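Analysis of the macromolecular model
Residue-level listing of the chains:
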Amino acid sequence: MEENTSIPMENTAKIMRKSIHIFLRNYQYFTATAALMAFPFSATVLLSQIVVPSSSLLFSIQNRLSSVFIAAGFPPSSEFFTVLNLKLSQTISTSIFTLPFTFTSLLIAKASIIQLLDQQKQNYPVSFLSLISIFNPIFLTQLCNSFLIISANATAFSILVVAFNCFEGLGYSSPGFILFISALGAVIYSIILANAFVFSNLALISSGMERNGGFLAILKACVLMRGRTSTALSLAVPLNLAMALIEGLFQYRVIRAYHRSENLSSLMVLEGLFIAYMYSIVIVVDTIVSCVFFKRCYLRSGMDYELGRCSYQIETEEDRCAVMNTKGSEESS
């Protein structure tokens, strides 16, 4: 069987252009329906910047993680683990705060986008029954994705624990060497998490497109992503950067202004709503890009997307001999 050719990096721009074209072609639906469906999730994510830093949950998680790091043998004087502890505590607290809207608002918005793009003819509005048929598998896949992200974090921490304990046992405990290992650990941790998020995102699209959720969708995403991880990461970077910039804009325009005046004005509320709507638009575009990338992977992997059949086969020596014998008997007859 022929090897699957990876998607060239040049195709990243083509996928982005096609995604923007789809967004503009269905501009009214994406901006008036899908973006509004994602709006509660976007508003919750932005509001978490106000609630989480002063919550007792953050300090509780931070103290527990600090105890885990010290018990695992990490050097308490390392600035890397201090920053990692803070960022990881903020991520966990934000995830808990936004959890109800992650499994409702966000998934409903993604299901509506997948339903529209899954049709050969772009017919809308989206029917409620078809939306439910997509929501159920992606809900199950989102649950499995949560376990995948937790497993990725556990794997990264296990690697760091083994590395630090091994080097400490060998006598490499100077501050400069600890700084070097910390920087290397940050790179490894980022790579593992980035790949986990890319796989989980593609699995979510796969489950919606094929109405088949759970760990099977994650496994299929791993097959589809073979040789295409760099393309997926290059697509994810600008969109995640856009989300980070919008979060920074909310921090600067709303939270900073609120702390200065200590009074919530109607102008701040309107500006905050508009920024949350911008965040929803980026989520919509991110979902469209993922759908286009999924279809491109399907075509390049030799999979019949419309029929939902996979052409991957494991061919053994017995199978080859059987095929050769069959061909020989047909030629002799």
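Description of the structure in this document. Remember, it's a predicted structure, so these values are computed and weren't measured experimentally. (Residues numbered from 1 in each chain as written. Predicted model: local features only at pLDDT ≥ 70, side-chain atom pairs only at ≥ 80, totals over all residues. Heavy atoms only, no water.)

What follows concerns the packing of helix α1 (residues 11-25) against helix α2 (residues 27-51). Running from N to C, α1 and α2 point in directions that differ by 80°, and their axes come no closer than 4 Å. Overall, the two elements α1 and α2 adopt an arrangement that is roughly perpendicular. Contacts from Ile22, Phe23, Leu24 and Arg25 of α1 reach α2 at Tyr27, Phe30 and Thr31. Considering only residue class, the contact of α1 with α2 consists of five nonpolar, one polar and one charged. (Axes fitted to C-alpha atoms, helices over the stretch in contact; angles between N-to-C directions. Helix = DSSP H or I, 4+ residues; strand = E, 2+ residues; numbered from the N terminus. Parallel < 35°, antiparallel > 145°, perpendicular 65-115°, else oblique. Contact = heavy atoms within 4.5 Å. Nonpolar A, V, L, I, M, F, W, Y, C, P; charged D, E, K, R; others polar.)

This part takes up the pattern of salt bridges. Following the criterion strictly, the structure yields two salt bridges and no others. When the shortest N-O distance is used, the salt bridge between Arg253 and Glu271 registers 2.6 Å. You can see Arg253 sitting in helix α8 (residues 229-261) and its partner Glu271 sitting in helix α9 (residues 266-300), a full 18 residues away along the chain. (Salt bridge = Lys/Arg side-chain N within 4 Å of Asp/Glu carboxyl O.)

Here the focus is helix α3 (residues 56-72). Taking 1.5 Å as the rise per residue, α3 with 17 residues should run 24 Å; its terminal C-alpha atoms sit 24 Å apart, in good agreement. Among all positions in α3, only Leu58, Ile61, Leu65 and Phe69 are buried. End-on, the buried residues of α3 take up no more than an arc of 75°, which puts them together on one face. Residues Ser56, Asn63, Arg64, Ile70 and Ala71 are exposed on α3 and point more than 90 degrees away from its buried face. (Expected span 1.5 Å × (residues − 1). Buried < 20%, exposed > 50% of the residue type's maximum accessible area, 1.4 Å probe, protein only. Arc of directions from axis to C-beta.)

On to the packing of α3 against helix α4 (residues 79-117). A pair of packed helices is captured by two measures, namely the crossing angle of their axes and the spacing between those axes. The geometry of α3 relative to α4 is characterised by a closest axis approach of 9 Å and an angle of 135° between their N-to-C directions. The angle between α3 and α4 falls in the class oblique. α3 and α4 meet at a crossing whose hand is right-handed. Residues Leu57, Leu58, Ile61, Gln62, Leu65, Ser66 and Phe69 of α3 form the contact with α4, whose participating residues are Phe81, Leu84, Asn85, Leu86, Leu88, Ser89, Gln90, Ile92, Ser93 and Ile96. (Left-handed = near helix turned anticlockwise from the far one by under 90°.)

Moving on: the nonpolar core. Phe30, Val284, Ile288 and Phe293 are the most contacted members of the largest nonpolar core, which has 45 residues in total. Of all elements in the fold, only α1, α2, α4, α5 (128-169), α6 (175-210), α7 (215-224), α8 and α9 reach the threshold of two or more residues within this core. Considering every element that reaches this core, the biggest residue donor is α9, with 11 residues. Grouped together as the second largest cluster of nonpolar side chains are 19 residues, Ile61, Leu84, Tyr189 and Leu193 included. (Core = buried A, V, L, I, M, F, W, Y, C linked by side-chain atoms within 4.5 Å.)

On to the environment of Leu245, then. For Leu245, the position within the fold is in helix α8. C-alpha of Leu245 to C-alpha of Tyr279: the two residues are 34 residues apart in sequence and 9.6 Å apart in space.

This next bit is on the packing of aromatic side chains. As enumerated under the stated definition, the model contains six aromatic pairs in all. Consider the rings of Tyr29 and Phe30, whose centres lie 5.8 Å apart with planes at 65°: the pair is edge-to-face. Here Phe30 falls in the buried class, since its relative accessible area comes to 0%. Residues Phe135 and Phe139 carry aromatic rings whose centres are separated by 5.8 Å and whose planes lie at 40° to one another, so their mutual orientation is tilted. Taken together, the residues Phe135 and Phe139, both in helix α5 and four residues apart, mark about one turn of the helix. (Phe/Tyr/Trp six-rings, centres within 6.5 Å; stacked < 30°, edge-to-face > 60°.)

That is the geometry; function is a separate question.
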